[in-house]
Each structure stands twice: as C-alpha cells, then as structure tokens.
Amino acid sequence: NHRFILHYQPIYDIAKETISHHEALVRMLDDDGQTVAPINFIPIAEQTGYIVDIDRFVVTQAMSDLRSLSQEDPDVHIAVNLCSKTLANSEFIELLKELCCDDKNISSRVIFELTETAAVDDVQITKIVENIEIG
C-alpha cells in the first residue's frame, strides 16, 4: 500500500570529523500516517518472507534518492542494510546487478550491509552471501 518510507541517518567519522555516509532506515506508516517502528514490522516480515520485498523497495528507493542527492553532493554515499535471506534470493541479486550496471558512478557509492541479526541467525546463508559478486 505504499506505506514504506526511508529516513537517512548521517554516520559520523570521528577520525575525519566529517559525515562519511548516510544510512537508509526503512519506516512504515500506519493508517493515520504515523511512523511505525521497525521492531513492529521487520521481525514479522522476516518470518513471512516479505523482507525480500521490503529490501527490494529500500534498495530501489535508496538508489533513486542517491541519484537526486548526487546533484547536490557528488560525494554522498548511502548504506543499505539487507537481510541475508534477501541476498540469497536470485531475483534480488539480478535486481542489484541491473541497478548497479545502470550507473557505475552511483553504484560505487552504495554500501550494502548485512543486518546483524540475519548474520547471527543464519550462518549458512551468510557464508553463501560472502561469495556473491555483483559486478
């Protein structure tokens, strides 16, 4: 129902005393337009498999936002957290390849991070994901 939105949290590099990148944080809006905390929908999405759809939205939106933000700041970088099960999905990997091949300048400024809970909960998938090559 188009109720997911992204917020961008700046990540500060203490050594360089500057913002190194921004982390994309997915949020859901309820019927009244109020923000629903991820703890209230991410675990359910992981259990039901809908996390792949959410991750697909996040990556697609983050790449689109990055294109827009790059016009203001050509050095901006965005980090996206992904579930290991999403990265083990062949259709999702094809989407990543497609998005990354569209614009190498943009794709070189996206940081993909494996969520901590996914890495701990699913060691086998994490081992597979370590060997994925995007492009």
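These lines cover the structure that appears in this document, whether it is placed above or below.

1. Describing unusual backbone geometry
Peptide bonds are trans in most cases, and residues, glycine excluded, mostly fall at negative phi. Although it is not a glycine, His 2 sits at a positive phi angle of roughly 60 degrees. Within the secondary structure, His 2 is located in the segment before strand S1 (4-13). One non-glycine residue, Glu 17, lies in the positive phi region at around 55 degrees. Here Glu 17 shows up in the loop between S1 and strand S2 (18-29). On the basis of relative accessibility, which here comes to 63%, the residue Glu 17 falls in the exposed class.

2. Considering the packing of aromatic side chains
Each aromatic ring pair is summarised here by two numbers: the centre-to-centre distance and the angle between the ring planes. Under the defined criterion, the tally for this structure stands at 2 aromatic pairs. A centroid spacing of 6.2 Å and a plane angle of 35 degrees characterise the contact between Phe 4 and Phe 57, whose relative ring orientation is tilted. Here Phe 4, found in strand S1, pairs with Phe 57, found in helix H2 (residues 51-72); they are 53 residues apart in sequence, far enough to count as distant. Among the aromatic residues, those joined into a cluster by ring pairs are Phe 4, Phe 41 and Phe 57.

3. Considerations on the environment of Asp 53
Position of Asp 53 relative to the elements: it lies in helix H2. It is 9.0 Å that separates the C-alpha atoms of Asp 53 and Phe 92, two residues lying 39 residues apart in sequence.

4. Some points on the pattern of salt bridges
Under the defined criterion, the tally for this structure stands at 3 salt bridges. One salt bridge connects Arg 3 with Asp 31, and the closest N-O pair in it is separated by 2.4 Å. Here Arg 3 is found in the segment before S1, whereas its partner Asp 31 is found in the loop between S2 and strand S3 (35-36), with 28 residues between them in sequence. When its relative accessible area of 65% is taken as the criterion, Asp 31 is described as exposed. Linking Lys 97 and Glu 94 is a salt bridge whose minimum nitrogen-to-oxygen distance equals 3.8 Å. Of the two residues, Lys 97 and Glu 94 both sit in helix H4 (residues 90-102), 3 residues apart, roughly one turn of that helix. Assessed through its relative accessible area of 46%, Glu 94 is described here as partly exposed.

What counts and how
Residues numbered from 1 in each chain as written. Predicted model: local features only at pLDDT ≥ 70, side-chain atom pairs only at ≥ 80, totals over all residues. Heavy atoms only, no water. Helix = DSSP H or I, 4+ residues; strand = E, 2+ residues; numbered from the N terminus. Buried < 20%, exposed > 50% of the residue type's maximum accessible area, 1.4 Å probe, protein only. Phe/Tyr/Trp six-rings, centres within 6.5 Å; stacked < 30°, edge-to-face > 60°. Salt bridge = Lys/Arg side-chain N within 4 Å of Asp/Glu carboxyl O.

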